[in-house]
Amino acid sequence: MATPWESLANPQLLDLAPYQPGKPVEELERELGIRGAIKLASNENPLPPSPRVLDVLQAALHTLNRYPDGSGYYLRQALAKRHGVPPEAVILGNGSNELLDLLARAFVRPGEEVVFPHPSFVVYPLIVQAVGGTRVAVPLWDHRLDLSAMARAITPRTKLVFLANPNNPTGTIVTAGEVEAFMAEVPERVIVVFDEAYVDFAQGPDFPDSLGHLRQGRKVVVLRTFSKIASLAGLRVGYGLADPDCVGLLHRLRQPFNVNSLAQVAALATLEDEEHARRAVELVIREREALCRAFAALGLHPVPSRANFVLVEVPDAPAVYERLLRQGIIVRPMAAFGLGGALRITVGTPEENARLLAGLRQALGREA
Ligand SMILES: Cc1ncc(COP(=O)(O)O)c(C=O)c1O
């Protein structure tokens, strides 16, 4: 039976489950009455923001009585310069999440199809359903996006394709050659969204140049974020690169001040601090590989990752998740992603990772 409010709601909302974020540290500490819990559940950067960011934030605090620059002028200029595109090709979002939502709202009409991988970022099916689109989830193959199957899933009703690279929750990438072959199969009219939230941890000669496809005039949107590499997840700022025509349409939909003034100055400061980004990449790659070796030593088979997290199957994953929680360690259970037997573990600081490994040994009953 629909509640009185449900009977008033848009019908596509009724079987939509709200996004379940990783459990907040404060919530676990409250529940267990403990301090010092750690969270390796939301793929955040283990490093705090760079000192430069803290300085510009301090300086910007006294202007909080003013609305932000609604056009994000300076940040868009800097991003345009960095990527070699005109500023009109850059749009800022309240996290790249907002841009995913704007894309679905701008382009997907009820009944039109959106192709995306599964398991992948759980927001894709939510936003497609919210606009009445048809979800076409294409299973991964060996934990990797199956681009041939995704190309085959495109029909005359397909409007948009979401392609997470690296993919969340597996951390795997699709290579330049694979994307080249995929783009050759995709009809020109279909919009391909390269969601590259973790790109900085994955760089290498095999990583696709998605912007190259945009430059070739394909209907491509590239999404990036300051949440991961730049340690600014709490400020909510991401951006999209696309044809100015596409960006213009998204501007019509976005809220006037979607990116707050602190986020704008902080993001700008991170673009001028390559040292922070370099340190983060080095730390994540070193710690990620160490974690994977330690998982293997426990007889586990982590999925080889190019991101700042690792997916690993464990015996009785829900129980292991709970046992870790009781030790004040939050990781991400994967049932919502359709992988109930696995955990996704964000790469933390060396101290956090050591604690995770000790906790995991205990949870698996493998203490020496
Ligand atoms: C694949 C992917 N895309 C997009 C996002 C959204 O990031 P944000 O909204 O913080 O920019 C995430 C966040 O975890 C993600 O995993």
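Rules used in this analysis
Residues numbered from 1 in each chain as written. Predicted model: local features only at pLDDT ≥ 70, side-chain atom pairs only at ≥ 80, totals over all residues. Heavy atoms only, no water. Phe/Tyr/Trp six-rings, centres within 6.5 Å; stacked < 30°, edge-to-face > 60°. Buried < 20%, exposed > 50% of the residue type's maximum accessible area, 1.4 Å probe, protein only. Near = heavy atom within 4 Å. Polar contact = N/O pair within 3.5 Å; in protein donor to acceptor, adjacent residues only side chain to side chain. Areas by Shrake-Rupley, 256 points an atom, 1.4 Å probe, with all protein chains shown as cover. Nonpolar A, V, L, I, M, F, W, Y, C, P; charged D, E, K, R; others polar. Helix = DSSP H or I, 4+ residues; strand = E, 2+ residues; numbered from the N terminus. Arc of directions from axis to C-beta. Contact = heavy atoms within 4.5 Å. Axes fitted to C-alpha atoms, helices over the stretch in contact; angles between N-to-C directions. Parallel < 35°, antiparallel > 145°, perpendicular 65-115°, else oblique. Left-handed = near helix turned anticlockwise from the far one by under 90°. Domains from an automatic or database assignment. Buried area = accessible area lost by both parts, 1.4 Å probe. Salt bridge = Lys/Arg side-chain N within 4 Å of Asp/Glu carboxyl O. Pairing = 2+ DSSP bridges.

Asker: Lay out the packing of aromatic side chains with the relevant residues and their values.
Answerer: Enumeration according to the criterion identifies eight aromatic pairs in this entry. Look at Tyr73 and Tyr74: their rings are 5.1 Å apart centre to centre, the planes differ by 90 degrees, and that puts the pair in the edge-to-face class. Given a relative accessible area of 60%, Tyr74 falls into the exposed group. A ring pair is formed by Phe226 and Tyr239, whose centres lie 5.7 Å apart and whose planes are at 45 degrees; its orientation type is tilted.

Asker: Provide a residue-level description of the site of the ligand, including the pertinent values.
Answerer: Close to the ligand lie Gly95, Ser96, Asn97, Phe121, Asn168, Asp195, Ala197, Tyr198, Thr225, Ser227, Lys228 and Arg236, which account for all nearby residues. In the environment of the ligand, a nitrogen atom lies 2.7 Å from a nitrogen or oxygen atom belonging to the side chain of Asp195. At 2.6 Å from an oxygen atom of the ligand is found a side-chain nitrogen or oxygen belonging to Ser227. When the ligand is considered free in solution it has 400 Å² of accessible area, and contact with the protein chains removes 93% of it. Partitioning the shell around the ligand into residue classes produces three nonpolar, six polar and three charged.

Asker: Describe helix H2 (residues 51–60), and please don't skip the residues or the numbers.
Answerer: Buried within H2 we find Val53, Leu57 and Ala60. On an axial view of H2, the arc spanned by its buried residues comes to 65 degrees, and they lie on one face. Of the exposed residues in H2, those oriented more than 90 degrees away from the buried face are Pro51, Asp55 and Gln58. Buried positions along H2 lie against helix H10 (261–271).

Asker: Hey, could you go over the packing of helix H11 (residues 274–297) against helix H13 (residues 350–363) for me, with residue numbers and the actual values?
Answerer: Contact geometry of H11 with H13 gives a least axis separation of 11 Å together with a crossing angle of 15 degrees. Regarding the angle of H11 to H13, the classification is roughly parallel. In the crossing of H11 with H13, the sense of the turn from one axis to the other is right-handed. Mapping the contact onto sequence places Leu283, Glu287, Leu291, Ala294 and Phe295 in H11 and Pro350, Asn353, Leu356, Leu357 and Leu360 in H13. Residue composition of the contact of H11 with H13, by class: eight nonpolar, one polar and one charged.

Asker: An account of the domain arrangement of the protein chain is needed here, citing residue identities and associated values.
Answerer: Annotation of the protein chain at the domain level lists domain 1 (6–48 + 275–363) and domain 2 (52–271). Every contact between the two is made by 31 residues of domain 1 and, on the other side, 33 residues of domain 2. Across the domain 1/domain 2 interface, buried area totals approximately 2,400 Å², and carbon plus sulfur atoms make up 62% of it. Together, Tyr19, Arg306 and Phe337 form the three largest contributors to the area buried by domain 1 at its contact with domain 2, with a combined 30%. Linking domain 1 with domain 2 are one salt bridge, by the criterion used here. The salt bridge partner of Arg306 is Asp206, with a shortest N-O separation of 2.9 Å. On inspection of domain 1 and its partner domain 2, the count reaches 15 residue pairs in polar contact (both at pLDDT 80 or more). Elements that contribute at least two residues to the side of domain 1 that touches domain 2 include exactly H11 and strand S9 (309–313). Element by element, the count of residues in the side of domain 1 that touches domain 2 is highest for H11, at seven residues.

Asker: Residues and numbers for the environment of Val312, please.
Answerer: Within the element layout of this structure, Val312 appears in strand S9. Judged by relative accessible area, which is 1%, Val312 ranks as buried. In sequence terms Val312 and Ile345 are 33 residues apart; their C-alpha atoms lie 7.8 Å from each other.

Asker: Please give an account of unusual backbone geometry that cites residues and values.
Answerer: Here the residue pair His118 and Pro119 is connected by a cis peptide bond, since its omega of -5 degrees sits within 30 degrees of zero. Looking at the secondary structure, you find Pro119 in the loop between strand S3 (113–118) and helix H5 (123–130). With an omega of -5 degrees, the peptide bond running from Asn165 to Pro166 counts as cis. Along the chain, Pro166 falls in the loop between strand S5 (158–164) and helix H7 (176–185). Not every positive phi belongs to a glycine, and Arg236 is a case in point at roughly 65 degrees. Relative to the helices and strands, Arg236 resides in the loop between strand S7 (220–225) and strand S8 (238–241).

Asker: Describe H7, listing the residues and the values that go with them.
Answerer: All of the buried residues in H7 are Val179, Phe182 and Met183. Relative to the axis of H7, the buried residues are bounded by an arc of 100 degrees and lie together on one face. Seen from the open side of H7, the exposed residues pointing more than 90 degrees away from its buried face are Ala184 and Glu185. Packed against the buried residues of H7 are helix H6 (147–152), S5, strand S6 (191–195), helix H8 (210–215) and S7.

Asker: Lay out the sheet that holds strand S12 (residues 342–346) with the relevant residues and their values.
Answerer: If you trace the three strands from one edge of the open sheet to the other, you get S9-S12-S11, paired in antiparallel fashion. Each edge of the open sheet carries a strand with a single partner, namely S9 and strand S11 (332–333). When S9 meets S12, the two strands line up antiparallel, connected through five bridges. Residue pairing for S12: Glu313 is matched across the bridge by Ala342. Packing of helix H12 (residues 317–326) onto the sheet brings it into contact with S11 and S12, and relative to S12 it is tilted by some 40 degrees.

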